[in-house]
Amino acid sequence: MFGWLRPGGWVVAQEPITSAGRVGGQPLSMPDAPRPDVGAELPALVREAGLEIVDAWAESQAGVGVGPVAEYLASLTGVDPGDDPVVLPPLVTVVARRPSG
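The sections below set out a description of the structure shown in this document.

Scoring rules and cut-offs
Throughout this description, residue numbers start from 1 for each chain and increase along the sequence as written. Whole-chain, interface and lining totals are the exception, using all residues; otherwise, since this is a predicted model, local features are given only for residues with pLDDT of at least 70 and side-chain atom pairs are given and counted only at 80 or more. Excluded from the side-chain calculation are hydrogens and water; included are all heavy atoms of the structure. Secondary structure elements follow DSSP: runs of H or I no shorter than four residues count as helices, runs of E no shorter than two count as strands, and numbering proceeds from the N terminus. The reference for a compact globule is 2.2 Å times residues^0.38; the radius of gyration itself is calculated from the C-alpha atoms. Each residue gets one of three labels from its accessible area relative to the maximum for its type: buried under 20%, exposed over 50%, partly exposed in between, using a 1.4 Å probe on protein chains only. Should any heavy atoms of two residues lie within 4.5 Å, those residues are considered in contact. Using a 1.4 Å probe, accessible areas were evaluated by the Shrake-Rupley method; residue-level cover was limited to the displayed protein chains. His is not counted, nor are the chain ends, whereas Lys and Arg count as positive and Asp and Glu as negative. For charged residues, the charge sits on one atom: NZ in Lys, CZ in Arg, CG in Asp, CD in Glu. One requirement defines pairing of two strands: DSSP has to find at least two bridges between them. Every axis corresponds to a line fitted to the C-alpha atoms, with the helix fit spanning only the stretch in contact, and the corresponding angles, defined between N-to-C directions, vary from 0 to 180 degrees. By salt bridge we mean one thing: a side-chain nitrogen of Lys or Arg within 4 Å of a carboxyl oxygen of Asp or Glu. Only buried Ala, Val, Leu, Ile, Met, Phe, Trp, Tyr and Cys residues count toward a nonpolar core, and they belong to the same one when joined by side-chain atoms within 4.5 Å.

When you go through the chain residue by residue, the secondary structure sums to two helices and seven strands. In terms of overall dimensions, the chain is more spread out than a globule: its C-alpha atoms have a radius of gyration of 16 Å, far above the 13 Å expected for 101 residues. C-alpha atoms of the chain, sized along the principal axes, occupy 55 × 25 × 20 Å. Across the 101 residues that make up the chain, the buried fraction comes to 30%. Counting contacts in the chain only where the partners sit at least 6 residues apart, residues at least 24 apart contribute 71% of the total. Carbon and sulfur atoms form 56% of the exposed surface of the chain, whose accessible area is close to 6400 Å². Across the chain, the mean location of the 6 positive side-chain charges is 17 Å away from that of the 12 negative side-chain charges.

Judged by pairing direction, the sheet is antiparallel, and its three strands sit side by side in the order β1-β7-β4 without closing on themselves. Here the strands that pair on one side only, and so sit at the sheet edges, are β1 (10–16) and β4 (52–59). For this sheet, the mean angle separating the axes of adjacent strands, direction not counted, is 15°. For β4 and strand β7 (residues 91–97), the ladder comprises seven bridges, and the chain directions are antiparallel. For Trp57, the partnering residue across the bridge sits in β7 and is Thr93.

Below, the discussion takes up the environment of Ala74. Its location among the elements puts Ala74 in helix α2 (residues 68–77). In sequence terms Ala74 and Glu41 are 33 residues apart; their C-alpha atoms lie 26 Å from each other.

On to the pattern of salt bridges, then. The tally for this structure, following the rule as stated, stands at two salt bridges. A salt bridge links Arg35 to Glu41, with the nearest nitrogen and oxygen atoms 2.4 Å apart. A residue is classified by how much of its surface remains accessible, and Glu41, at 33% relative accessible area, is partly exposed.

A few words on the nonpolar core. Core analysis: the biggest nonpolar cluster contains 10 residues, these being Leu5, Val11, Ala13, Ile17, Leu42, Val46, Leu51, Val92, Val94 and Ala96. With three residues, β7 is the single largest residue contributor to this core. Residues Val23, Leu73, Val86 and Leu88 belong to the second largest nonpolar core, which totals six residues.

Pasting the structure below:
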C-alpha cells in the first residue's frame, strides 16, 4: 500500500486477532486462517511500512443466544453457538498516513 499512497495520504487498515475469539469460554478455532493473529501485528506492520500511526484501537462484539453476534459467527465459520456466550475475535483498526516529506 505504501507505494500507492501519496505523500500526506491516509490509510485505514483492519485485521482480526482470531485466536482471541471465544465460544462458550473456549478458544474459537479458525484453522484455515493463514495468519490468525495478524491484527496483533498490524500497528508494527504499518509502522515498518514507513507510515505514521495517527490512531489505533481494538474492539470486539459479544453476545449470548440468538442475535447478530451469533449470526455473524455462523456466517464466518459455519458454527451455530446455540445459547453459548460468544466473544468475536477483536478487530484491530489502524489509521495512518504517509509522511509529507
